[in-house]
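Structural overview for review
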Amino acid sequence: MITLIGGEMPEYAEQRPPAGGPLHRRLIGHLPTGIRVLIAGPHSEALVRAVADRREVSLLLRSRPDAERVDVRDVRVLCGTLSEFTDTDRYDAVIALDGAGRLHSPEGPPLDWAESVRVLKRALRPGGTLLLAVENELGVHRLVDPGTPTAARAGDAWSPLGEFGSAPGRPDRLAAALGAEGLPVAALAAVWPLPERPTLLATPETLRYGPLDALAALASAAAAPAYRERSVLSDPRRLAAAAVRRGLGAELAPAWLAVAQLANRPGQAVPLPPALIAGPGGAVTELVKSPDGAWSLRAVQGSGELTGPLPSGRLLEERLLTAALGHDLPGLRRLLTGWMTELPNVPAGNVLVDGDRYARLDPSAPDRADALARFAHTLATGGYHHPWPGVTDVARLTDVLAGAAGLTTAPTPAPTAGDELPDIRRRHEEQLDAVRRRLADAEDRARFYEVELGKREAELGRAKLQIAAFSGSLGFRAAKAGLGIARAARNRIRNRGRQ
């Protein structure tokens, strides 16, 4: 049953994916049962079902076709715009993990970010909890986007404000803005790698004072599958890792997730650990800090093999690329040899190096027999300078790296080697620049040879004229006859000598 509240969009269906994922489901699992919940905006059906488990749920959508497709039992569907939403003091929790951007439509008056928060606040009962995601318009996902948030590239972008919008632009400003609206923030986390489906949540304090090398590796690992084969300006894995390692992980995160409460109520808070990581197959681990200051991982969903101390060190792939860019051949050989000795089947993006120790970052990630070939693919096609610029073929570069690692045989590149790489436009620009330089050099050479060929043709023409001039003279004919007589005499003397 759908209730039309006004401002609904009868023909429009959402084009971007809804909010969801195992980390979001993990967070809403902390909400107590038996409460009334409002889910505002498009959320995945799995997440709606998880919230509706032993809770009374209302779902607010602006798209009527999307509202008609909702197939979750005992969920009240409200279709319309947030400006027409009139429920007040009815819900114990409001979930807006998709943010406030897709709660409005051209059929109703537009609301800015602060006005949208006030409407959601009015829906809360005293002591209610608000789970709100806010996209960062200066996040890594925007920095690598070839487009611009101010251009209308989708059907829902009738008002593409982008960075000119009113949403807070920093996590501390987000907390201050919610506090000013009477919603003090109980927990705050940076969202990686995409706002709608995070696989890494980390608090700003952890991103400033935590194990930065490991967190940078986790951010890079989170960005790899999210941008697979997507067109981007630069490699988001490198940018995400650099942002976290340099202490800007919270400021450059694609989004922030805030847990705010209208007033404190025991048992109602949604706790956020220092970091929450989603692995393959729905596994979820959290980062915890022991009293002695050591960091470790604890499996909260999935296999218990994920529980254990967090390895220290920097990502092997970054160390290898650094050595290659600096033409540090001894360092490159040392890293390759240690890698192929300790963890030959673990991709370089899943290995942490601390001195001579090599440790697996994510134990649940599958091994790859072509791990070395995958790194060769990254080095050859990622736009990185390396000590072997003349080797452009991945198979040949794999052989070179295998020799540097002390291997007698190189692994055969798999058909999907390097399939985690995005389509990087800067890499294409570098490749085009290299082609342009080669074409310019070839044109210079062609012009040089044309000039030299012209000179040789002129000299040949003069020689032909001289030969023609001399060949018709009496002296030339006499010299030619004398040369014939001399040759005949020489031949007769030789024949007599043989007899």
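Here's what I pulled together on the structure shown here.

What counts, and where the lines are drawn
- Residues numbered from 1 in each chain as written.
- Predicted model: local features only at pLDDT ≥ 70, side-chain atom pairs only at ≥ 80, totals over all residues.
- Heavy atoms only, no water.
- Buried < 20%, exposed > 50% of the residue type's maximum accessible area, 1.4 Å probe, protein only.
- Helix = DSSP H or I, 4+ residues; strand = E, 2+ residues; numbered from the N terminus.
- Arc of directions from axis to C-beta.
- Contact = heavy atoms within 4.5 Å.
- Phe/Tyr/Trp six-rings, centres within 6.5 Å; stacked < 30°, edge-to-face > 60°.
- Lys NZ or Arg CZ within 6 Å of the ring centre and 35° of its normal.
- Pairing = 2+ DSSP bridges.

1. Describing helix H2 (residues 45–52)
Among all positions of H2, only Leu47, Val48, Val51 and Ala52 are buried. Down the axis, H2 shows its buried residues gathered within 135 degrees of arc, on one side only. Residues of H2 that are buried sit in contact with helix H1 (22–28), strand S2 (36–40), strand S3 (56–61), strand S4 (75–80) and strand S5 (91–96). Remark: Arg54 follows H2 within two positions and exhibits a positive phi of approximately 65 degrees.

2. Observations concerning the packing of aromatic side chains
Inspection of every chain in the model, using the stated rule, returns two aromatic pairs. Where Trp339 meets Phe375, the ring centres are 6.4 Å apart and the plane angle is 90 degrees; that geometry is what we call edge-to-face. Of this pair, Trp339 sits in helix H11 (residues 329–342) while Phe375 sits in helix H12 (residues 371–381), placing them 36 residues apart in sequence. On the basis of an interplanar angle of 65 degrees and a centroid distance of 5.5 Å, the ring pair of Phe448 and Tyr449 is categorised as edge-to-face. Classification of Phe448 as partly exposed rests on a relative accessible area of 48%. On the basis of relative accessibility, which here comes to 51%, the residue Tyr449 falls in the exposed class. Of note, Arg36 hangs over the ring of Tyr91, and the distance from its end group to the ring centre comes to 5.4 Å.

3. Quick look at the sheet that holds strand S15 (residues 314–315)
Ordered by their spatial adjacency, three strands build an open sheet running S15-S16-S17, and the pairing between neighbours is antiparallel. Every other strand in the sheet has two partners, leaving S15 and strand S17 (357–360) as the edge strands with one partner each. Across four bridges, the pairing between strand S16 (residues 351–354) and S17 is antiparallel. When the bridges of S17 are listed, Asp354 appears paired with Arg357.

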